[in-house]
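A structural walkthrough
Spelled out from the first residue to the last, the chains are:
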Amino acid sequence: MSWQARVFSFILRQTFKRKLAAAKDVAQARAVLNSGRFRMPDDVRATPMRQGGVAGEWVEATAPAPDTLLYLHGGGYFACSPRSHRAATSFYAQQGFRVCVPDYRLAPEHPFPAAVEDAEAAYASLIESGINPGRLVLSGDSAGGGLALALLLRIRERGLPMPAAAALFSPLTDLATTGASITANDARCAMFRGARIGIGAAFYLGGADPRTPLASPLYASLHDLPPLLVHVGEDEVLLDDSLRLVQRAQAAGVQVELRVWPDVPHVWQLFHRFIPEGRESLAEASRFLLARTAGNDERESNLDDTVISANDFPSPGMVLRAPVAGAGSATNQPEPEISAGSPAWFS
Amino acid sequence: MLHPQARALLDLIEQRAVPPTHSLTVDDARRFYRERRFFTQPDTPEVGHVEDLRVDGTLPLRLYKPLHAAAGLLPVLVYFHGGGWTIGDLDTHDTLCRQLANGSGCAVVSVDYRLGPEHRFPAAVDDSRSALHWVHANAASLGLDAARLAVGGDSAGGNLAAVVAIDARDNGGPQLAFQLLIYPATDMRAIAASHFTNGQGYLLTSNTVRYFHDHYIDDPKHDLDWRASPLLHPDLSRLPPAFILTAGFDPLRDEGLMYAQRLSEAGTRTTSICFDRQIHGFITMGRVIDEANAAVDICASQLRTALLG
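Residues numbered from 1 in each chain as written. Chains lettered and ligands numbered in written order. Predicted model: local features only at pLDDT ≥ 70, side-chain atom pairs only at ≥ 80, totals over all residues.

**Quick word on the overall build of chain A**
Threshold: Secondary structure counts use DSSP, requiring at least four H or I residues in a row for a helix and at least two E residues in a row for a strand, with both numbered from the N terminus. Put plainly, a residue is buried at 20 or more neighbouring C-beta atoms within 10 Å of its own, exposed at 12 or fewer, and partly exposed in between, counting only other residues' C-beta atoms, which are placed from the backbone. Our contact criterion uses C-beta atoms placed from the backbone: two residues qualify when those atoms are within 7 Å.
In terms of helices and strands, chain A carries 10 helices and 10 strands. Out of the 347 residues belonging to chain A, those deemed buried represent 46%. Taking contacts inside chain A between residues at least 6 apart in sequence as the whole, the part at least 24 apart equals 77%.

Written as structure tokens, this is what we have:
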């Protein structure tokens, strides 16, 4: 939509995409992916952290931050770091999150499921440290988005308390690369030739089946996940990783919000200094996440400690009526009723 | 869904090719704000008493007493007008102050704080504090009750009211009974989602937000100062009970909602009402937008409850 998105995509296509397509090994691919620079805003600080044995950084702003966000960076599971993704994490910090960014182990030195183990260890450690899961959210881009989904699956498997919501930017959900957009957007995608996705996936899988759910959450059973937000670019080879995931999540009863953005490159949020849609996406994701943590405090309410006896509540046999509309009212609305068999008070 | 009357107003503005505020010189912007208010503001109501005053011979104030004022000392709202800390004065918000006085049964003191760019941050904050302290100290001689004091404002004025309320708590200021914040600016960083979704086409645009900001603040580190961005203050507890009004199509909507949420979470009693179909600035447009009159009624009623019990 913006001229900046179009120009930036054009430049990426001529430079980044070609270099990445030409990379002959992991070291060369990493060099391309790690090449971004970002200067932290004045009001944001990164400090080293260790959660559950996993190193990383806390990214915090001077703004008060009652909510915690666990951010899982992208990079195909084989590249990048908390540092490379500060454009996103610092923006979240300014929106009122204390951002925990684990430096999870990377492939091929540490293949699947090392990244998942590290994400899980960091999350469990945050919960153990006393953070209220109602005020804890996840976010991730690209492989980090896939990793966030894998983490949610592990949280569910282990019976840990779920975070309040998750925001995913162009998540990588299918290491078997069966999406139509892998080929359909091969030329159009600003960052990747479709074939690169499979090459990167192989580094991570280390021989495992690409349809393993914790590596490719598209193949997982997605029931009982918290509300999800997914933002993806219309031109990306990974478009169908997002679209199919959203379809399957909705079919499984998960609340999902999807927004597909024209003209933007993969993980455009990281380029928000140049591309206004980057800030817009991050701001929208922040709003989505903050709306779902709001009011989840475990704090004293105005309710008395005195026990409210059963006699104070309407029993299932009672019928309640709303006040009758005044004489001369134009509409004849039926009076709302609560009767036996519809225990709304007790649900 | 934008209210059809708000839509009609925006369409008219576009049809008439009214130049946007951010394209004007400050003098022109001030003049237009004063001169064009009659198109959108309702008729100016009579009040019981109106008087121009000055704080120590300098800072101008205007005192309003309502029609049918109760006997004895009146509770008082110290009011800070909107206008991006750059435009606006005692006249642009004269009608609103009269409406609030009559509707609440309380006195209102409107403050003509110094504007940018001639007087940048924190001049407006300093003036707002001075005005509040002066009203408190001189209340009895003005027929006002120093024990029943509220602060309030719209837009930039809401920002000043919020800041002054925090200052009163922390720096030995007067005890305040209430704060009335009408679509307040609470975060100079302008990074909340509504700045993006509502930044074009709803009268207050991102360009105008930036124009006003830049006339008030020239050093970006001030954006992080709580006296400019009260949302960034680490302690929003023990503040006066608050009524915060926001508008659905306002770029400032989310920072207003977030301020209300943070106040509530800190234990400050807060009511937050969003007029979903409205634009920034609507409360002074009662001649052309009906909901403005309801909004004024609600604000006056909240003020009455807080100060007159």
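**Brief notes about the confidence of the model for chain B**
Cut-off, in case you're wondering: pLDDT is a residue-level measure of predictor confidence that goes from 0 to 100.
The predicted model of chain B averages 97 in pLDDT, with 100% of residues at 70 or higher. The ipTM value of the predicted complex is 0.83, and its pTM value is 0.86.

**Let's talk about the sheet that holds strand β8 (residues 270-275) of chain B**
Residues and elements named next belong to chain B. Under the convention used in this document: Each pair of strands is called paired provided DSSP finds at least two bridges between the two strands. Axis lines are fitted through C-alpha atoms, for helices just across the contact stretch, and the angle between N-to-C directions can take any value from 0 to 180 degrees.
Reading across from one edge, β1-β2-β4-β3-β5-β6-β7-β8 is the order of the eight strands in this open sheet, with mixed pairing throughout. Two strands in the sheet have a free side with no partner beyond their single neighbour: β1 (49-55) and β8. Each neighbouring strand pair of the sheet contributes to a mean axis angle of 20°, computed without reference to strand direction. Two strands pair when backbone bridges link them, and strand β2 (residues 59-65) and strand β4 (residues 107-111) are joined in this way by four bridges, in the antiparallel orientation. Directly across from L63, in β4, lies its bridge partner V109. Here helix α4 (residues 94-104) sits on the sheet in contact with β2, β3 (74-80) and β4, set at roughly 160° to β4. Across the sheet, helix α6 (residues 156-170) is in contact with β3, β5 (144-154) and β6 (178-182); its angle to β5 comes to roughly 135°.

**Brief notes about unusual backbone geometry**
The step from A:F112 to A:P113 runs through a cis peptide bond, and the omega angle for that step is 5°. Position of A:P113 among the secondary structure elements: in the loop between β4 (97-102) and α5 (114-128). Cis rather than trans, the peptide bond between B:G116 and B:P117 has omega equal to 0°. Looking at the element boundaries, B:P117 is found in the loop between β4 and α5 (123-137).

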